[in-house]
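Spelled out from the first residue to the last, the chains are:
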Amino acid sequence: MQITLNEKYSVMRNTTTLGYVGETNARTITFSGLETDGAQAYKMRFEYPDGISYDVDITSGTYTVDGSLLRAACKVQAQILAYAADGENYTLVKKSNVFDLNIKPSLEGEPAPIPTYEQAAGALEKVLAAEKSSAENAEKSATASNAAQAAQNAAETAKSEVMELAESAVKAAENAAQSETVAKTSADNAAGSALTAENSASSAETSANQAEQYKSEMSEYMALLPQFSYDSETETLTITTAG
C-alpha cells in the first residue's frame, strides 16, 4: 500500500485493503509527504469497530503489517499523527484526515489463531522479563560458584589441619607407649634389685647366726682345754684342767 500526504496533510492511498485475516508480515505500507515542520515522530492510528485502537510507529517511512492488526474481518478507521518529540514526551503537531481501510476475510476460510496486539505485547514483555531473570540467575550462579569454591578451599584447609593434629596425636601416643614400656622395665628392675637385696640380707643374717653359734661352740671348747701358767721366779709350770 502506498499512502501519500499532500500539503494539507490529506491522505491519498492506492488501495483500501489493509490485508486479509491470518496474514502476518505479508504487506508493507509506504509513506510519502510525512514530514511537517516541528515534528520528529510519526504514528499511524488504527481504530476497530469494538472501540480498540492501536498506534504504530511509521517514522521510518515504512511499516510492515503484522497479524495483530489483521485480527478480524472488518472496516478499520485510520489516521496519520505527527508529533514533536522531547525525550519520552510527545506533543501532537498535526493530524491527517480519518480514512477507512478494509481487513478482508481469509481466503482459506477459518484462519489460524493469531495473537492479539495485547497478547503479542505481553509475550514480548515476558521475553524481556525472562532475559532479565536469566541474567540475574547467571550472576547469582556465578556468586554461588565462587562461594562454593571458597567453602571447598576452607574444607581442604580444615582437613589438612585435622590431619596434622591427628599425626601429632599418634606421635604423642607412641611416645607415651614408649615411656610406659621404659617405666615398666624400670619397675621390673627395681623389683629384681629389691628381691636381691632381700636375699642378701637373709644370707647375711644366716651367716651372722652361724658365726655366733661357732663362737659359742669355740667358747665351750676353749673352756675344756687345760690352762697353763708359768712362774718365772720358781720356774714352775702349772696345768689346770676343767672340772
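Parameters and conventions
- The numbering scheme is per chain: residues are counted from 1 as the chain's sequence reads.
- Predicted model: local features are reported for residues with pLDDT of at least 70 only, side-chain atom pairs are reported and counted for 80 or more only, and whole-chain, interface and lining totals are derived from all residues.
- For the side-chain quantities, the full set of heavy atoms in the structure was used; hydrogens and water were omitted.
- We count a stretch as a helix when DSSP gives it H or I for four or more residues in a row; a strand needs E for two or more, and each element gets its number in order from the N terminus.
- For every residue, the accessible area (1.4 Å probe, protein chains only) is compared with the maximum for its type, and the residue is labelled buried under 20%, exposed over 50%, or partly exposed between those bounds.
- In what follows, a contact means two residues having at least one pair of non-hydrogen atoms within 4.5 Å.
- Here, Shrake-Rupley sampling with a 1.4 Å probe gives the accessible areas, and only protein chains in the shown set may cover a residue.
- The pairing criterion for strands is at least two bridges between them, as found by DSSP.
- Axes here refer to lines fitted to C-alpha atoms; in helices the fit is confined to the stretch in contact. Angles between the N-to-C directions go from 0 to 180 degrees.
- In protein, a polar contact means a hydrogen-donor-capable atom and an acceptor-capable atom, both N or O and within 3.5 Å, with residues adjacent in sequence counting only if both atoms are side-chain atoms; elsewhere, any N or O pair within 3.5 Å suffices.
- Salt bridge, as applied in this entry: a Lys or Arg side-chain nitrogen positioned within 4 Å of an Asp or Glu carboxyl oxygen.

**Quick word on the overall build of the protein chain**
Consideration 1: Counting secondary structure elements, the protein chain contains 1 helix and 12 strands.
Consideration 2: Secondary structure elements in the protein chain, listed N-terminal to C-terminal, are β-β-β-β-β-β-β-β-β-β-α-β-β.
Consideration 3: For the protein chain, the residues scored as buried account for 17% of the 243 residues in total.
Consideration 4: Contacts spanning at least 24 positions in sequence make up 61% of the contacts within the protein chain whose residues lie at least 6 apart.
Consideration 5: By element, 53% of the accessible surface of the protein chain is carried by carbon and sulfur atoms, the whole surface being about 17100 Å².

**With respect to the environment of Tyr-90**
Consideration 1: On the secondary structure map, Tyr-90 appears in strand 9 (residues 89–95).
Consideration 2: Owing to a relative accessible area of 43%, Tyr-90 belongs among the partly exposed residues under this scheme.
Consideration 3: Placed 51 residues apart in sequence, Tyr-90 and Ala-39 show a C-alpha to C-alpha distance of 9.5 Å.
Consideration 4: Residues contacting Tyr-90, with those up to four places away along its chain left out, are Ala-41, Tyr-83, Ala-84 and Ala-85.

**Section: the sheet that holds strand 7 (residues 62–65)**
Consideration 1: Overall, mixed pairing links the 4 strands, which are arranged 2-1-4-7 in an open sheet. In this open sheet, the two strands that pair with only one neighbour each are strand 2 (11–13) and strand 7. On average, adjacent strands in this sheet sit at an angle of 20 degrees to one another, irrespective of strand direction.
Consideration 2: Here 3 bridges tie strand 1 (residues 2–5) to strand 4 (residues 27–32), and the two strands are oriented parallel to one another. Its bridge partner lying in strand 4, Gln-2 is registered against Thr-30.

**Some points on unusual backbone geometry**
Consideration 1: Backbone geometry at Tyr-9 places phi at a positive 65 degrees, although glycine is not the residue there.
Consideration 2: By secondary structure assignment, the location of Tyr-9 is in the loop between strand 1 and strand 2.
Consideration 3: Accessibility expressed as a relative area gives 2% for Tyr-9, which makes it buried.

**Concerning the environment of Ser-60**
Consideration 1: On the secondary structure map, Ser-60 appears in the loop between strand 6 (53–57) and strand 7.
Consideration 2: Among the polar contacts made by the side chain of Ser-60, one reaches the main-chain carbonyl oxygen of Thr-62 at a distance of 3.2 Å.

**So, the pattern of salt bridges**
When charged atoms on two side chains of opposite charge get close, those side chains can pair.
Consideration 1: The final tally for this structure, using the stated rule, is 3 salt bridges.
Consideration 2: A salt bridge links Arg-45 to Asp-55; the nearest nitrogen and oxygen atoms lie 2.7 Å apart. Taken as a pair, Arg-45 in strand 5 (residues 41–47) and Asp-55 in strand 6 lie far apart in primary sequence, 10 residues in all.
Consideration 3: On the accessibility criterion, Arg-45 (30% relative accessible area) is partly exposed.
Consideration 4: Taking relative accessible area as the criterion, Asp-55 reaches 29% and is therefore assigned partly exposed.
Consideration 5: The shortest N-O distance in the salt bridge between Arg-71 and Asp-50 comes to 3.0 Å. Here Arg-71 is found in the loop between strand 7 and strand 8 (74–86), whereas its partner Asp-50 is found in the loop between strand 5 and strand 6, with 21 residues between them in sequence.
Consideration 6: A relative accessible area of 48% means that Asp-50 is categorised as partly exposed.

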